[in-house]
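Reading the structure
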Amino acid sequence: MTEEWGAVLVVDDDADMRSLLCDVLQGRGHQCTGVGSGDDALQQLSEEDYAVVLTDLRMKGMLGTELLAEVKQRYPDIGVILMTAFGSVETAVEAIRHGASDYLTKPVKTEELVRVVERAIREAALRREVSRLRKEVHKEYSFHQILGKSKPMQAVFDLIRRVADSPTNVLITGESGTGKELVAKAIHYNSDRRDAPFVPVNCAAIPEQLLESELFGHMRGSFTDAKMDKRGLFEEAQKGTLFLDEISELPLMLQAKLLRAIQEREIRRVGATKSIPVDVRIIAATNLNLAEEVKNKRFREDFYYRLNVIELRLPPLRERREDIPILVDAFLKKCADSRGKQVKGLSESALAMLADYAWPGNVRELENVIERAVTLSHGDMIGADDLPVQVQGSRGDRRILDEAAERTLPLHEVEKEYIVKILEKTGGNKYQAAHVLGIDRKTLYRKLAEIEGKPHSDA
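The rules we used
- Residues numbered from 1 in each chain as written.
- Predicted model: local features only at pLDDT ≥ 70, side-chain atom pairs only at ≥ 80, totals over all residues.
- Heavy atoms only, no water.
- Domains from an automatic or database assignment.
- Core = buried A, V, L, I, M, F, W, Y, C linked by side-chain atoms within 4.5 Å.
- Buried < 20%, exposed > 50% of the residue type's maximum accessible area, 1.4 Å probe, protein only.
- Helix = DSSP H or I, 4+ residues; strand = E, 2+ residues; numbered from the N terminus.
- Contact = heavy atoms within 4.5 Å.
- Salt bridge = Lys/Arg side-chain N within 4 Å of Asp/Glu carboxyl O.
- Pairing = 2+ DSSP bridges.
- Axes fitted to C-alpha atoms, helices over the stretch in contact; angles between N-to-C directions.
- Parallel < 35°, antiparallel > 145°, perpendicular 65-115°, else oblique.
- Left-handed = near helix turned anticlockwise from the far one by under 90°.
- Nonpolar A, V, L, I, M, F, W, Y, C, P; charged D, E, K, R; others polar.
- UniProt positions renumbered as here; feature names shortened; annotations may be inferred.

Turning our attention to the domain arrangement of the chain. Split by domain assignment, the chain resolves into domain 1 (8–137), domain 2 (150–315), domain 3 (319–393) and domain 4 (408–452). Measuring from the centre of the C-alpha atoms in domain 1 to the corresponding centre in domain 3 gives 29 Å.

Here it is in C-alpha cells:
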C-alpha cells in the first residue's frame, strides 16, 4: 500500500458529469481520474492503483453492473459504487448483492457523494490490509503458530532459531497469556529433538504430594495407591523436551531433587534404590521474577542459575501493538471456521478499540475477546458493540491526554505525540492519518516537517 493510496476512478459516458464529480472529490482532497466507458476503466485499473470505482449504471457499451462484476473478479479489494438516474430499491439491493459497496441516485448530492466515497475508501483500505496480513501471516510473520511482525517478536524468533539445536536449558519469562508454551514447542520442533516427545507439565496444577511421583515415577508399594510401577514424565520425555510451566510453584524440596536430576542426568523413582539415566532437555517458564523469588528465599539460587542459562523474555501485547491486526485476523478465521459463521472482519471503530486496550491478559485475552465477538455477532462484520465493555472503554486517545496532563506537556508537544500515535495506528499511511486527524495532507506534511525539524515546501 502506498502512502497516497485512496484514489477514485469515475466512469461515466457523460463528460460533464465526469468533470463535475471529479471536481467535487478533488476539492475534498481526493485523487480522481475520469474515463468514459467500462473498457477504458478496466484499462486504467490495469495501469494505476485505485481504492474506489464510481460508475454510472447505464452507459454505452459495458453496463455498470458488468463493470462491477469484472472489477470484483479482478480486483476484489477495490470498492465499487453504482450511480443511476433510474434509482429503485430493487436495483440498489441487486447491486449490493453483487458486491457493490454502495449506491447513489442522480442527481447526486455533494455531501452524500463525499460521505459514500470516503466510507468506501476506508473499507477498501481495511480489505487490502487484511489481504496483506493473510499473505504475511504464513510467511515471515509466523513461527510455529506464533504470530508477530513487531521488532520484539522478530527478536524472539531469532533467539528461538539460535537456541533450538543447543542442548542448553532455556528459561522463558513473560506475563500470563503471552504464549510461553507455544514458544517452548517452537524451540522443540525446530531442534534435533523434534522426533522425540514434547512433554508439558504445569507445576501449579498438580498437587504437591503427587508432583514428585508425576515427574520421577514410582515403584509398586512405595505409597498407599502405588499398585504398580509407573514411569515418570522425565522417562516419558526421553530424548525429547520436558517443559516445566509455572516453575516458580515448585516446592523447595522438589527443586533440590530436580536440580540433581538435571545436573546428574539421572532420576530415581519414588521407592526405588537404583537411578535411571535420562537424556532430556529442560525448558522452564514463569510469569514471576525468579531473581526476586531467590532474593526472598522462595526459590533456590543454584536451581535458578541451572535453569536460567538462556532467558527468553516474551513481550506483553501492549509492547507489540502492531501485531494486533495479524493476531485478530488469525483468531477471527479460526473462530469463524470452528463455528461455521461467515464473519469477514471488524469495523474500524472495533479495531481501533482493540489497538487501544491495555491487554492485561495479553494474547490469550485477545483470543478470548475475538471468540466472544464471533459468537455474539449477528452479521458478517464485528462491530464495537460486540466487544466487552472493558475493551469499549479503553480508547487510547484519552490515555494520551491523561499522560500529557500528568507530565504537564505544552500544547505543541501533545499535538506532536498525537500525530505520531495516529501515524503508528495507520501503519505510516499519511493519507489515512490526515483523514483521521481531520486535516488535509499538506497540513500534515507541514506538521511532520516541523516535528522532524526539516524545511517544508508546499510544492
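For soluble globular proteins, the rule of thumb is that nonpolar side chains tend to be buried together. Membership of the largest hydrophobic core comes to 30 residues, with the highest contact counts inside it found for Leu215, Phe234, Leu242, Leu244, Ile247 and Phe303. For this core, the secondary structure elements donating two or more residues are β9 (198–202), α8 (208–216), α9 (233–236), β12 (241–245), α10 (252–264), β15 (281–286), α11 (290–295) and α12 (301–307). Discounting residues that sit within four places of it in the chain, Leu244 has contacts with Val201, Cys203, Leu215, Leu258, Ile282, Ile283, Ala284 and Ala285. Leu317, Ile324, Leu327 and Cys335 belong to the second-largest nonpolar core, a separate cluster that totals 27 residues.

The next thing to look at is the pattern of salt bridges. Per the stated rule, a full pass over the model turns up 29 salt bridges. The partner of Arg339 in a salt bridge is Glu371, and the shortest N-O contact between them spans 2.6 Å. Highlighted residues: Arg339 in helix α13 (residues 324–339) and Glu371 in helix α15 (residues 362–376), separated in sequence by 32 residues. According to the relative accessible area criterion, Arg339 is partly exposed, its value standing at 34%. Where salt bridges share partners, they join Arg193, Lys239, Arg265 and Asp279 into one cluster.

Two faces, one strand: in a regular strand the side chains alternate between the faces of the sheet. Going residue by residue along strand β8 (residues 170–173), you find Val170 and Ile172 tucked away on one face and Leu171 and Thr173 tucked away on the opposite face as well. Note that β8 and β15 share four bridges and pair parallel. Looking across to β15, one finds that Thr173 is bridged to Thr286. Strand direction decides the pairing type here: β8 and strand β16 (residues 310–313), joined by four bridges, are parallel. Across the sheet, Val170 pairs through a bridge with Ile310, a residue of β16.

Whenever strands of a sheet pair, they do so through backbone hydrogen bonds, lying parallel or antiparallel. Taken together, the five strands give an open sheet; going across it, the order is β9-β12-β15-β8-β16, and neighbouring strands pair in parallel fashion. With partners counted over all chains shown, the strands left at the sheet margins are β9 and β16, one partner each. Looking at each pair of strands side by side, their axes are set apart by 20 degrees on average, direction ignored. Here four bridges tie β12 to β15, and the two strands are oriented parallel to one another. Note on β15: the bridge partner recorded for Thr241 is Arg281. Sheet strands touched by helix α6 (residues 151–163): β8, β15 and β16. Its angle to β16, the strand with the most contacts, is close to 150 degrees.

Turning our attention to the environment of Lys180. As for its position among the elements, Lys180 is in helix α7 (residues 180–189). In this structure Lys180 comes out as buried when scored by relative accessible area, which is 10%. Lys180 sits 132 residues away from Glu48 along the chain, and the two C-alpha atoms are 45 Å apart. Not counting residues up to four positions away in its chain, the partners in contact with Lys180 are Ile172, Thr173, Gly174, Glu175, Phe243, Asp245, Ala285, Thr286, Asn287 and Leu314.

Close contact between helix α2 (residues 38–47) and helix α3 (residues 64–74) brings their axes to 10 Å; oriented N to C, the two are set at 15 degrees. Between α2 and α3, the angle is such that the two are roughly parallel. Of the two possible hands of crossing, α2 and α3 adopt the one that is right-handed. Of the residues in α3, those in contact with Gly38, Ala41, Leu42 and Leu45 of α2 are Leu67, Glu70, Val71 and Arg74. In the contact of α2 with α3, the residues fall into five nonpolar, one polar and two charged.

As annotated by UniProt and renumbered to match this structure, "modified residue: 4-aspartylphosphate" (unreviewed entry) occupies Asp56. Mapping Asp56 onto the fold places it in strand β3 (residues 52–56). Exposure remark for Asp56: the relative accessible area of 7% places this residue in the buried category. Apart from residues lying up to four places away in sequence, Asp56 is in contact with Val11, Asp12, Asp13, Gly64, Met83, Thr84 and Lys106.

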